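In case you want the letters, here they are:
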Amino acid sequence: MKVLEASFVQGFIRMCDDGFNQNWHERNGGNLSYRVREEEIESVKEELAWDNPWQPIGTSVPGLAGEYFLVTGSGKYFRNVILDPAANICIVEVDRAGENYRICWGLVNGGRPTSELPSHLMNHEVKKQASGGRHRVIYHAHPANIIALTFVLPLEDKVFTRELWEMATECPVVFPDGVGVVGWMVPGGRDIAAATSRLMKKYDVAIWAHHGCFCSGEDFDLTFGLMHTVEKSAEILVKVLSIRPDKLQTISPQNFRDLAVDFHVTLPEEFLS
Ligand code: 13P
Ligand code: ZN
């Protein structure tokens, strides 16, 4: 099969376009990666090449040795992915040591995978282990309301989790573990990747102060839906804070506990006290 005919590639392209249409991907902002299943790689082998040079990942991900990833290209625009996928995305293979990658398909006009590859791969490594292999998608976007909140709320996991949960009843059901927050750091490197992947051991959502958000999930629908839910909640909070600084009423800790029982989720008490 041709790479572009494969359903995982079609799903990836659709997600890029959906994200652009949400206004989360100005210019080359944001990046997406998918850990490809063995049978999926097998199905597109006719179009893969293994003669490109190995390049350093910039960090070490031994837990991903030999895995393949579909990723967006660095400096490439999400709005162009649907028009010319082969020029804007690529499939990379990770070597046996988990130290290097090589491009096996895509970026036909040149380029390299996203500058956030260290964060994507370190998050994949953590989530692969934490989810027993179920999580396959790591998504980085620049949603305006999430970013806006990082200027006015304390950069604490508990504050962000409670405020976002309170903005919509479905939120604690969609992200029951809460959200983590990384203070401002230089993007694109190993340090921010390590800080983010530490949070990803506990959460499926990591917010980068004054920059954007990372989400992890099992498939494109769940991961896009997670980003969408967190950003919608942030939008409501921005509206609430704009109308008046203090809430007249909200969802109480006991309301959350009652919700957790009926919806069969566990909400950590650390966020309810
Ligand atoms: P890339 O174009 O390298 O993917 O970078 C975009 C971005 O959002 C960096 O955080
Ligand atoms: Zn970014």
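Quantities reported herein were computed from a predicted structural model and do not represent experimental measurements. (Residues numbered from 1 in each chain as written. Chains lettered and ligands numbered in written order. Predicted model: local features only at pLDDT ≥ 70, side-chain atom pairs only at ≥ 80, totals over all residues. Heavy atoms only, no water.)

Colleague: Can you walk me through the pairing of strand β9 (residues 212-217) in this structure?
Modeller: Working note: regular strand, side chains alternate between the two faces of the sheet. Within β9, 6 of the 6 residues are buried, which leaves the element mostly enclosed by the surrounding structure. Side chains Gly-212, Phe-214 and Ser-216 project from β9 onto one buried face, and the interleaved Cys-213, Cys-215 and Gly-217 project onto a second face that is buried too. Here 5 bridges tie strand β6 (residues 137-141) to β9, and the two strands are oriented antiparallel to one another. Bridge pairing in β9 places Ala-141 opposite Cys-213. Relative to β9, strand β8 (residues 205-208) runs antiparallel, the two sharing 4 bridges. What sits directly across from Val-205, in β9, is Cys-215. (Buried < 20%, exposed > 50% of the residue type's maximum accessible area, 1.4 Å probe, protein only. Helix = DSSP H or I, 4+ residues; strand = E, 2+ residues; numbered from the N terminus. Pairing = 2+ DSSP bridges.)

Colleague: Just checking my understanding: could you explain the sheet that holds β8 for this structure?
Modeller: Neighbouring strands of a sheet are bound in pairs by backbone hydrogen bonds; such pairs are parallel or else antiparallel. One open sheet accounts for 9 strands, arranged β2-β5-β4-β3-β1-β6-β9-β8-β7; its pairing is mixed. A single partner strand is all that each edge strand has here, and the edge strands are β2 (55-56) and β7 (180-182). Packed on one face of the sheet, helix α9 (residues 190-200) meets β7, β8 and β9 and runs near 145 degrees to β8. (Contact = heavy atoms within 4.5 Å. Axes fitted to C-alpha atoms, helices over the stretch in contact; angles between N-to-C directions.)

Colleague: Looking at this structure, I do not really get the site of ligand 1. What am I missing?
Modeller: Near ligand 1, the surroundings consist of Asn-28, Gly-29, Gly-30, Asn-31, Ser-74, Gly-75, Thr-114, Ser-115, Glu-116, His-140, His-142 and His-211. One nitrogen or oxygen atom from the main chain of Gly-75 is found 2.7 Å from an oxygen atom belonging to ligand 1. Separating an oxygen atom of ligand 1 from a side-chain N or O atom of His-142 is a distance of 3.0 Å. Protein chains shield 92% of the accessible area of ligand 1, which is 310 Å² for the free molecule. (Near = heavy atom within 4 Å. Polar contact = N/O pair within 3.5 Å; in protein donor to acceptor, adjacent residues only side chain to side chain. Areas by Shrake-Rupley, 256 points an atom, 1.4 Å probe, with all protein chains shown as cover.)

Colleague: Got a minute to help me understand the packing of helix α5 (residues 117-130) against α9 in this structure?
Modeller: Axes are the key here: two packed helices are described by the angle between their axes and the distance separating the axes. In the contact formed by α5 and α9, the axes pass within 8 Å of each other and the chain directions differ by 25 degrees. Taken as axis vectors, α5 and α9 run roughly parallel relative to one another. Along this stretch, α5 crosses α9, giving a crossing that reads as right-handed. Of the residues in α9, those in contact with Pro-118, Ser-119, Met-122, Asn-123, Val-126 and Lys-127 of α5 are Arg-190, Ile-192, Ala-193, Ala-194, Thr-196, Ser-197 and Met-200. Within the contact of α5 with α9, the residues separate by chemical class into 7 nonpolar, 4 polar and 2 charged. (Parallel < 35°, antiparallel > 145°, perpendicular 65-115°, else oblique. Left-handed = near helix turned anticlockwise from the far one by under 90°. Nonpolar A, V, L, I, M, F, W, Y, C, P; charged D, E, K, R; others polar.)

Colleague: Where do I start with the packing of helix α1 (residues 7-21) against helix α10 (residues 220-243) in this structure?
Modeller: Contact geometry of α1 with α10 gives a least axis separation of 10 Å together with a crossing angle of 15 degrees. Between α1 and α10, the angle is such that the two are roughly parallel. Note that α1 runs across α10; the crossing there is right-handed. Across the interface between the two elements, Phe-8, Gly-11, Phe-12, Arg-14, Met-15, Asp-18 and Gly-19 from α1 touch Phe-220, Asp-221, Thr-223 and Phe-224 from α10. Of the residues in the contact of α1 with α10, the class split is 5 nonpolar, 3 polar and 3 charged.

Colleague: What am I meant to see in the side chain of Arg-35 here?
Modeller: Residue placement: Arg-35 occurs in strand β1 (residues 31-35). On the accessibility criterion, Arg-35 (3% relative accessible area) is buried. Within polar-contact distance, the side chain of Arg-35 engages the backbone oxygen of Gly-133 at 2.9 Å. If we skip the residues at most four places from it in the chain, Arg-35 touches Leu-64, Glu-67, Tyr-68, Phe-69, His-124, Lys-128, Gly-133, His-135 and Arg-136.

Colleague: Can you help me understand the packing of aromatic side chains in this one?
Modeller: Aromatic ring pairs are defined here through the distance separating the ring centres and the angle between the ring planes. This model, assessed by the stated rule, comprises 10 aromatic pairs. A centroid spacing of 4.7 Å and a plane angle of 50 degrees characterise the contact between Trp-208 and Phe-214, whose relative ring orientation is tilted. Neither Trp-208 nor Phe-214 differs from the other in exposure class; each is buried. By the ring-pair criterion, three or more aromatic residues cluster together here, those being Phe-8, Phe-12, Tyr-34 and Phe-220. (Phe/Tyr/Trp six-rings, centres within 6.5 Å; stacked < 30°, edge-to-face > 60°.)

Colleague: Looking at this structure, how should I read the layout of surface pockets?
Modeller: Rolled over the atoms, a probe as big as a water molecule pinpoints where empty space is left. For the largest pocket, the calculated volume is near 200 Å³. In terms of lining, the largest pocket is formed by 13 residues, of which the most central are His-135, Asp-204, Ser-216, Gly-217 and Leu-222. When residues of the lining of the largest pocket are traced back to their parent elements, those giving at least two are β9 and α10. Sort the elements by how many residues they give to the lining of the largest pocket and α10 lands first, with 4 residues. Residues of the lining of the largest pocket, tallied by class, amount to 4 nonpolar, 6 polar and 3 charged. (1 Å grid on protein atoms, 1.4 Å probe; cavity = no way out; pocket = protein on both sides within 12 Å on 5 of 7 lines; lining within 4 Å. Points joined across faces, edges and corners; volume = space filled by probe spheres on them.)

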